[in-house]
Amino acid sequence: MALLNFKKRDAVEPGPVNPTVEAFLKNYSIEVMPRTAEKVDDFRALLPQGTRVYIAHIEGTPIEDMVKTAKRVAAEGYPVMPHFPARIIKDAATLENWISMYQGEAGVDQALLLAGGVATPHGDFDSSMQLMETGLFDKAGFKRLHVAGHPEGNKDIDPDGSNKNVDEALQWKQKFSERTDAQMALATQFAFEAKPIIEWANSVKAAGVDIPIHIGIAGPAKLQTLIKFAIACGVGPSLKVLQKRAMDVSKLLLPYEPNDVITELAEHKAANPDFNIESVHFFPLGGIKTNANWAINNGGASAKPANS
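Please read all numbers here as calculations on a predicted model, not as lab measurements.

### Points about unusual backbone geometry
Here is step 1 of the chain: Its identity as a non-glycine residue notwithstanding, N27 has a phi of 65 degrees, on the positive side.
Here is step 2 of the chain: Counting through the fold element by element, N27 comes out in the loop between α1 (19–24) and β1 (29–32).

### Description of the pairing of strand β6 (residues 183–190)
Here is step 1 of the chain: Extensive coverage of β6 is indicated by the burial of six of its eight residues.
Here is step 2 of the chain: Where strand β5 (residues 144–149) lies against β6, six bridges are found, and the strand directions are parallel. Bridge pairing in β6 links R144 to Q183.
Here is step 3 of the chain: Of the strand pairs in this sheet, β6 and strand β7 (residues 213–218) are connected by three bridges, and their pairing is parallel. Each bridged residue has a counterpart across the sheet, and for F190 the counterpart in β7 is G216.
Here is step 4 of the chain: In this fold, β6 hands off to helix α8 (residues 194–206), which returns the chain to β7; that crossover is right-handed.

### Focus on the packing of aromatic side chains
Here is step 1 of the chain: The tally for this structure, following the rule as stated, stands at 10 aromatic pairs.
Here is step 2 of the chain: Pairing F84 with F137 gives two aromatic rings, centres 5.1 Å apart and planes at 90 degrees, and the pair type is edge-to-face. With F84 in strand β3 (residues 80–85) and F137 in helix α6 (residues 136–139), the pair connects residues that are 53 residues apart, well separated along the chain.
Here is step 3 of the chain: Members of the aromatic cluster, each reached through a chain of ring pairs, are F84, W98, Y102, F137 and F142.
Here is step 4 of the chain: The residue whose ring lies beneath R179 is W172, and the NZ or CZ to ring-centre distance is 5.4 Å.

### Here we look at the nonpolar core
Here is step 1 of the chain: Core analysis: the largest hydrophobic core is formed by 80 residues, its most contacted members being F84, F137 and L265.
Here is step 2 of the chain: When near neighbours in sequence (up to four residues on either side) are disregarded, L265 contacts F24, A194, I197, I198, I215, I217 and I277.

### Description of the sheet that holds strand β2 (residues 53–55)
Here is step 1 of the chain: The eight strands lie next to each other as β1-β2-β3-β4-β5-β6-β7-β8, forming a closed barrel whose pairing is parallel. This sheet shows a mean twist of 30 degrees between the axes of neighbouring strands, independent of strand direction.
Here is step 2 of the chain: Sheet topology places β1 next to β2; three bridges connect them, and they run parallel. In the sheet register, I30 faces β2, and the bridge partner there is V53.
Here is step 3 of the chain: Where helix α3 (residues 63–75) meets the sheet, its contacts fall on β2 and β3, and the angle it forms with β2 comes to roughly 170 degrees.

Criteria and thresholds
- Residues numbered from 1 in each chain as written.
- Predicted model: local features only at pLDDT ≥ 70, side-chain atom pairs only at ≥ 80, totals over all residues.
- Heavy atoms only, no water.
- Helix = DSSP H or I, 4+ residues; strand = E, 2+ residues; numbered from the N terminus.
- Buried < 20%, exposed > 50% of the residue type's maximum accessible area, 1.4 Å probe, protein only.
- Pairing = 2+ DSSP bridges.
- Right-handed = clockwise from strand over helix to strand, strands pointing away.
- Phe/Tyr/Trp six-rings, centres within 6.5 Å; stacked < 30°, edge-to-face > 60°.
- Lys NZ or Arg CZ within 6 Å of the ring centre and 35° of its normal.
- Core = buried A, V, L, I, M, F, W, Y, C linked by side-chain atoms within 4.5 Å.
- Contact = heavy atoms within 4.5 Å.
- Axes fitted to C-alpha atoms, helices over the stretch in contact; angles between N-to-C directions.

Written out as structure tokens, the structure is:
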């Protein structure tokens, strides 16, 4: 059947690069987990020099595995940003120990602080704001602290469907950004449609929040995989982009790629240089290699691997 005779994504040859997309992808970041990082022989064959690598901390992952992954990625020359999910950190002593382990063994000086997808906190912390209030990251001299952003809201934070609590948290984070020595950014949940992202980013700026935005983008993946993750992560109205695609038989079996949303955001950024989206953060839901190869094929010099 010709319909099933797809080329492997990793084998696709780079085509002409859109210079607007190339500029938008400069300094992109990507997320890994210890188990997914183990599948990569050498990050330098996939990622540009200096790419920030987030290490997602899933409930149940031993801190030793997280630190080991951070050490390995850092040794290959990449700045590492581990997740600190508040609800799985027992207390301030545990937090201080994690910080010390990351710094001492992997030279980490940046972190993504978030509540974490756990219903019941394991200890004293419930939110990223409580982690920041400890003062431990500033005490340790962390140079960067990223916090979560929600372009389509968050039902866990605002069960009534409003953005009240999310907006109040953003204002708190803005005030914190004005008193910390660390650089801050909003690392957002992924979405699939550019217009709502643009409207949200503009509303953040209009509310007086000048923390730069690192926009979450889902990397290439099977459609059913993306829909599963999108529902689990509470992706909002832009989920309809995937649902519409799923109803098109000609596209149902083809992998999703983020070309449309990236191109629209890139064009908006080019036309509005003060637009507050600073860079792209990839969620490689279809695999790190698949995501990196998509970037290489579409990002030109901005995505050239370190050892190429």
